[in-house]
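# Observations on chain architecture
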Amino acid sequence: LLIASSRAGSEPANLQGIWNQYLQAPWGGRYTININTEMNYWHAQTCNLGECEEPLLRMVEELSAAGRGTAETMYGCRGWCSHHNTDLWRWTGLVHFKTRHAFWPMSGAWLARNIWEKYCFDGDVEYLREHGLPVLEGACRFMLDFMVEENGELVISPSSSPENGFVDPQTGRVAEVCAGSTVDQSIVRELFETSLAAAKATGASGAIWNEISTALPRIKIPGIGARGQLLEYSGDFEEPEPHHRHVSHLYGAYPGAEFTPDRNPDLYEAARTSLDFRGDKTTGWGMGWRVALWARFLDGDRALGVVGNLLSFVVPKGETRYDGGGGVFLNLMDAHPPFQIDGNFGVTAGIAEMLMQSHLGRVDILPALPAAWSHGSIKGLRARGGFQVSIRWHEGRLESCEMTSLLGKPLELRCNGLHVEMDTEIGKTYTFDSSLELK
């Protein structure tokens, strides 16, 4: 599906993509960049389709140029930004009529993560220096100017959590704006960290990087609520939609790597609690995100259960209704009303995370293998650090693993409590047995 809808020189895959059958496409055929467009490409690198990401990366560069005027005119800020929606002409301003849809100047920073992720997989320093670093730097400049100080900490304000809201304890009405929503704080923290890493990788220097380094430790971290859940907003507010399709506050667990068993383990557990509360049945793309999250929480059986929910048959209704839930049509395309390809792409990324993860600076094999997948194999996954990975397993245990080193970087490999570290040579394939011993 991605090969068909996103090739070098074309436009990125959007929600209905090349399969849209209407003269007036749903949501104008635009790109929803508060989750959906990003989800379309979650599997591009891990599933060895990095060349299909070229249209998206080119769009990010074009948005960074168009977004400079938006940052200056709307906010008086340096750098660039974009909001929750764009189109062929790279619109970066507000659209729609509700705050939860319109006001979210964080999408540029989210999209910019694809630049660093590309480098993590392919090690292309020239691309990072010539194309990526200016985009990252501009996104950082905007955030530095846009954040405000609150009790000595830096927060995004005004802030929101895409397409969701909370109950204002003073009025009892649904509100949509706070100071420092968890998703916004996670995105800006990740942006600063990856931008500093990109500057180091390319040998860049200048006052801006010192400015970012100084601001980074001051970014406010999210809180934990009375029920042990990760707070989505700046307070422990009542949720008008406890099972909302968006789980934006869990960005730090996936696609990010801020909440892990090693880094911020308390927030990692709180994020798991939040995901449990949010529920597993929702719209199609929402279940795709949940599959990836349960994989990051190392619960393969729960992730597989959500895959099963996603594969539920839905009768086409010919209208946009969210109360019908998710599922697929008979052709297996995502039935998020009326149809969105991101559900197909998101669940693919989630399944890849069930079988292999590399966001912790190492390659973890079969980290979230469900009991029902007791025997199997997969070929050609890609891991950060420049490794191509093929795996075979039997009775729920690793049988063999092939690692081809594409960049000649050191390898740290883990599986079933076993651990190996070694240097590698470019182009060489290393085959490991069930004990992670080289064959």
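Described below are features of the structure shown in this document. (Residues numbered from 1 in each chain as written. Predicted model: local features only at pLDDT ≥ 70, side-chain atom pairs only at ≥ 80, totals over all residues. Heavy atoms only, no water.)

## Details of the overall build of the protein
- Within the protein, the secondary structure is distributed over 13 helices and 14 strands.
- Against the 2.2 N^0.38 benchmark of 22 Å for 439 residues, the protein shows a C-alpha radius of gyration of 21 Å, consistent with a compact globule.
- For the protein, the C-alpha atoms occupy an extent of roughly 65 × 55 × 50 Å along the three principal directions.
- Scored against the burial criterion, the 439 residues of the protein give a buried share of 57%.
- For the protein, the accessible area works out to roughly 17,800 Å², and carbon and sulfur atoms hold 50% of it.
- Across the protein, 38 positive and 54 negative side-chain charges occur, with their mean positions spaced 2 Å apart. (Helix = DSSP H or I, 4+ residues; strand = E, 2+ residues; numbered from the N terminus. Rg over C-alpha atoms; globule rule 2.2 N^0.38 Å. Buried < 20%, exposed > 50% of the residue type's maximum accessible area, 1.4 Å probe, protein only. Areas by Shrake-Rupley, 256 points an atom, 1.4 Å probe, with all protein chains shown as cover. Lys, Arg positive; Asp, Glu negative; His and termini not counted. Charge placed at Lys NZ, Arg CZ, Asp CG, Glu CD.)

## Comments concerning the pattern of salt bridges
- Applying the stated criterion across every chain, the model contains 29 salt bridges.
- With a shortest N-O distance of 2.9 Å, arginine 78 and aspartate 145 are connected by a salt bridge. Of this pair, arginine 78 sits in the loop between α4 (54–75) and β2 (85–86) while aspartate 145 sits in helix α7 (residues 125–146); the two residues are 67 residues apart in sequence, bridging distant segments of the chain. (Salt bridge = Lys/Arg side-chain N within 4 Å of Asp/Glu carboxyl O.)

## Here's the deal with the state of the cysteines
- Tallying each qualifying case throughout the model produces zero disulfides.
- A disulfide-free cysteine, cysteine 52 has its sulfur positioned 11 Å from the sulfur of cysteine 47, the nearest such atom.
- Free of any disulfide, cysteine 77 has its nearest cysteine sulfur in cysteine 81, 7.5 Å distant.
- With a relative accessible area of 9%, cysteine 77 lands in the buried category. (Disulfide = S-S within 2.5 Å.)

## Regarding the pairing of strand β10 (residues 387–394)
- Strand direction decides the pairing type here: strand β9 (residues 376–383) and β10, joined by six bridges, are antiparallel. Paired with isoleucine 378 across the bridge in β10 is isoleucine 391.
- Looking at chain direction, β10 and strand β11 (residues 397–405) are connected through eight bridges and run antiparallel. Residue pairing in the sheet places arginine 392 in a bridge with serine 400 of β11.
- Hairpin connection between β10 and β11: a loop of two residues separates the two successive antiparallel strands, and glutamate 395 in this loop has a positive phi of roughly 55°. (Pairing = 2+ DSSP bridges.)

## What about the nonpolar core?
- Formed by 94 residues in total, the largest nonpolar core has its most connected members in Met143, Leu191, Phe192, Trp289 and Leu293.
- A per-element tally of this core places α7 first, with 11 residues.
- Sequence-distant contacts of methionine 143, defined by excluding residues within four places in its chain, comprise Pro105, Met106, Ala109, Ile156, Val188, Leu191 and Phe192.
- In this structure, Leu381, Phe387, Trp393 and Tyr430 belong to the second largest nonpolar core, which totals 24 residues. (Core = buried A, V, L, I, M, F, W, Y, C linked by side-chain atoms within 4.5 Å. Contact = heavy atoms within 4.5 Å.)

## Here we look at the packing of aromatic side chains
- Summed over the entire model, instances satisfying the criterion amount to 15 aromatic pairs.
- On the basis of an interplanar angle of 75° and a centroid distance of 6.2 Å, the ring pair of tryptophan 104 and tryptophan 110 is categorised as edge-to-face.
- When its relative accessible area of 1% is taken as the criterion, tryptophan 110 is described as buried.
- Through pairs of rings, three or more aromatic residues link up here, namely Trp42, Trp104, Trp110, Tyr251, Tyr254, Trp285 and Trp289. (Phe/Tyr/Trp six-rings, centres within 6.5 Å; stacked < 30°, edge-to-face > 60°.)

## Notes on the sheet that holds β9
- Here we have four strands laid out as an open sheet, ordered β9-β10-β11-β14, and antiparallel in their pairing. For this open sheet the edge positions go to β9 and β14 (429–433), each flanked by a neighbour on one side alone. When strand polarity is set aside, the average angle formed by the axes of neighbouring strands in this sheet is 15°. (Axes fitted to C-alpha atoms, helices over the stretch in contact; angles between N-to-C directions.)

## Side note on the environment of valine 363
- Following the sequence through the fold, valine 363 ends up in strand β8 (residues 363–365).
- With relative accessibility at 2%, the residue valine 363 sits in the buried group.
- Placed 19 residues apart in sequence, valine 363 and arginine 382 show a C-alpha to C-alpha distance of 9.9 Å.

## Here we look at the packing of α7 against helix α8 (residues 182–202)
- The geometry of α7 relative to α8 is characterised by a closest axis approach of 9 Å and an angle of 145° between their N-to-C directions. Handedness of the crossing formed by α7 with α8: left-handed. Contact residues: Val125, Leu128, Arg129, Leu133, Leu136, Ala139, Cys140, Met143 and Leu144 in α7; Val188, Leu191, Phe192, Ser195, Ala198, Ala199, Ala201 and Thr202 in α8.
- Taken together, the residues of the contact of α7 with α8 sort by class into 14 nonpolar, two polar and one charged. (Left-handed = near helix turned anticlockwise from the far one by under 90°. Nonpolar A, V, L, I, M, F, W, Y, C, P; charged D, E, K, R; others polar.)

## Re the pairing of strand β3 (residues 147–150)
- Taken together, the four bridges between β3 and strand β4 (residues 153–156) define a ladder with antiparallel strand orientation. If you follow methionine 147 over to β4, its bridge partner there is isoleucine 156.
- With antiparallel pairing between neighbouring strands as the criterion, β3 and β4 make up a hairpin whose turn holds two residues, including asparagine 151 at a positive phi of roughly 55°.

## Examining the layout of surface pockets
- What the largest pocket holds in volume is close to 680 Å³.
- Contributing elements (two or more residues each) for the lining of the largest pocket: α6 (107–122), α8, β12 (411–415) and β13 (418–422).
- The leading source of residues in the lining of the largest pocket is α8, at six residues.
- A per-class count over the lining of the largest pocket returns 13 nonpolar, nine polar and 12 charged. (1 Å grid on protein atoms, 1.4 Å probe; cavity = no way out; pocket = protein on both sides within 12 Å on 5 of 7 lines; lining within 4 Å. Points joined across faces, edges and corners; volume = space filled by probe spheres on them.)

## Comments concerning a nonpolar patch on the surface
- A surface patch of nonpolar side chains, amounting to about 360 Å² of accessible area, comprises Phe313, Val315 and Leu330.
- By relative accessible area, which is 74% here, leucine 330 ends up exposed. (Patch = residues over 30% accessible without salt bridge, like charges linked within 9 Å, V, L, I, M, F, W, Y side chains within 5 Å.)

In short, the description is geometric, and any link to function would need to be established separately.
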